[in-house]
Amino acid sequence: MIVGVGIDVVDVERFGRTLERTPALRLRLFTEAERALGLNSLAARFAAKEALAKALGAPPGLHWTDATVVRTEHGRPELQVTGTVAARAEALGVTSLHVSLSHDAGIASAVVVAESH
């Protein structure tokens, strides 16, 4: 059963300017493994975190670094959640998260589906 769906889009250039203006934002938004990625990938991961929050009902108190987007050995994106995000997912009965990322023409986007079995 689908518990929630979230979608988000990010203007890559604007997001890059924001990161340049506020360097500490990179630490608040991204896990250590994500921080070294290029701007398109960071924008897509930020979109994924926003979409994840929406799929979980956008409750206050979620920590951005409690979610990370990793790639499987086949290159497919996957969400790993801990802490506040894992607790919210558990409270909703979420047993799996599905994520799709894209970036093209200056826009990064993500869709997240939260599912329970």
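Whatever comes next refers back to the structure up there.
Given the structure is predicted, the values throughout are model-derived calculations rather than measurements.

Participant: Go over the sheet that holds strand E4 (residues 96-104), please, and point to the residues and values.
Facilitator: Pairing in this open sheet of three strands is antiparallel, and the strands run E1-E5-E4 from one edge to the other. Two strands close off the open sheet at either side, each with one partner strand: strand E1 (2-11) and E4. The average angle at which neighbouring strand axes cross in this sheet is 10 degrees, direction not considered. When E1 meets strand E5 (residues 107-115), the two strands line up antiparallel, connected through nine bridges. The residue bridging Ile 2 from the neighbouring strand is Glu 115, located in E5.

Participant: I'd love a proper account of the pattern of salt bridges, names of residues and values included.
Facilitator: All chains considered together, the criterion is met by three salt bridges. The salt bridge involving Asp 8 is made with Lys 54; its shortest N-O contact spans 2.9 Å. One end of the pair, Asp 8, is in strand E1; the other, Lys 54, is in helix H4 (residues 39-55), with 46 residues separating them in the sequence. The buried category is assigned to Asp 8, whose relative accessible area is 12%. What makes Lys 54 partly exposed here is its relative accessible area of 38%. Residues Glu 13 and Arg 17 are paired through a salt bridge, measuring 3.0 Å at the closest nitrogen-oxygen approach. A residue pair is termed a helical-turn pair when its members lie 3 or 4 positions apart in one helix, as Glu 13 and Arg 17 do in helix H1 (residues 12-21) at four residues. Residue Glu 13 is classed as exposed on the basis of its relative accessible area of 57%. Residue Arg 17 is classed as partly exposed on the basis of its relative accessible area of 40%.

Cut-offs applied
- Residues numbered from 1 in each chain as written.
- Predicted model: local features only at pLDDT ≥ 70, side-chain atom pairs only at ≥ 80, totals over all residues.
- Heavy atoms only, no water.
- Pairing = 2+ DSSP bridges.
- Helix = DSSP H or I, 4+ residues; strand = E, 2+ residues; numbered from the N terminus.
- Axes fitted to C-alpha atoms, helices over the stretch in contact; angles between N-to-C directions.
- Salt bridge = Lys/Arg side-chain N within 4 Å of Asp/Glu carboxyl O.
- Buried < 20%, exposed > 50% of the residue type's maximum accessible area, 1.4 Å probe, protein only.

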